[in-house]
Amino acid sequence: QVQLVESGGGLVQPGGSLRLSCAASGSIGSIAAWLWYRQAPGKEREFSAVISRGGVTNYADSAKGRFTISRDNVKNTMYLQINSLKPEDTAVYYCKAVDIRSRACWGLGTQVTVSS
């Protein structure tokens, strides 16, 4: 069992940056992939980025160039750096962990609001 807790969201002006964190506890060694999703108001949750156990990353087209996913194995924490924030980045950002048996768990999310 893995537990995930996101943090780092908040209100930021357009053009600003944020670093979101996802702290994991529990059966960390079973995690095969760490992912970030986001859900904007009135929209479905959508994939943003993934980092595998081996450190391979992949991004949604909407995230390429401005989002950077990373992981600190010592702190058991995943990060999402978002630069040049736009109002359309306003969403609840969720982290997800998928284990080696393809079982998934989610955090509760952190709100990011981009507004002047």
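Structure: see above.
An account of the accompanying structure is given in this report. This one's a predicted model, so the numbers in the text were calculated from it and none came from an experiment.

## Quick look at the state of the cysteines
Piece 1. Scanning the model with the defined rule gives 1 disulfide in all.
Piece 2. A sulfur-sulfur distance of 2.1 Å marks the disulfide that ties C22 to C95. Here C22 and C95 share a disulfide; its torsion about the S-S bond, 65 degrees, makes the bridge right-handed. Here the residue C22 occupies a position in strand β3 (residues 18–26), and C95 occupies one in strand β9 (residues 91–99), the gap between them amounting to 73 residues. With respect to burial, C22 and C95 carry one shared label: buried.
Piece 3. No disulfide involves C105; its sulfur sits 7.8 Å from the nearest other cysteine sulfur, which is in C95.
Piece 4. For C105, a relative accessible area of 17% puts it in the buried group.

Conventions and cut-offs
Residues numbered from 1 in each chain as written. Predicted model: local features only at pLDDT ≥ 70, side-chain atom pairs only at ≥ 80, totals over all residues. Heavy atoms only, no water. Disulfide = S-S within 2.5 Å. Helix = DSSP H or I, 4+ residues; strand = E, 2+ residues; numbered from the N terminus. Buried < 20%, exposed > 50% of the residue type's maximum accessible area, 1.4 Å probe, protein only.

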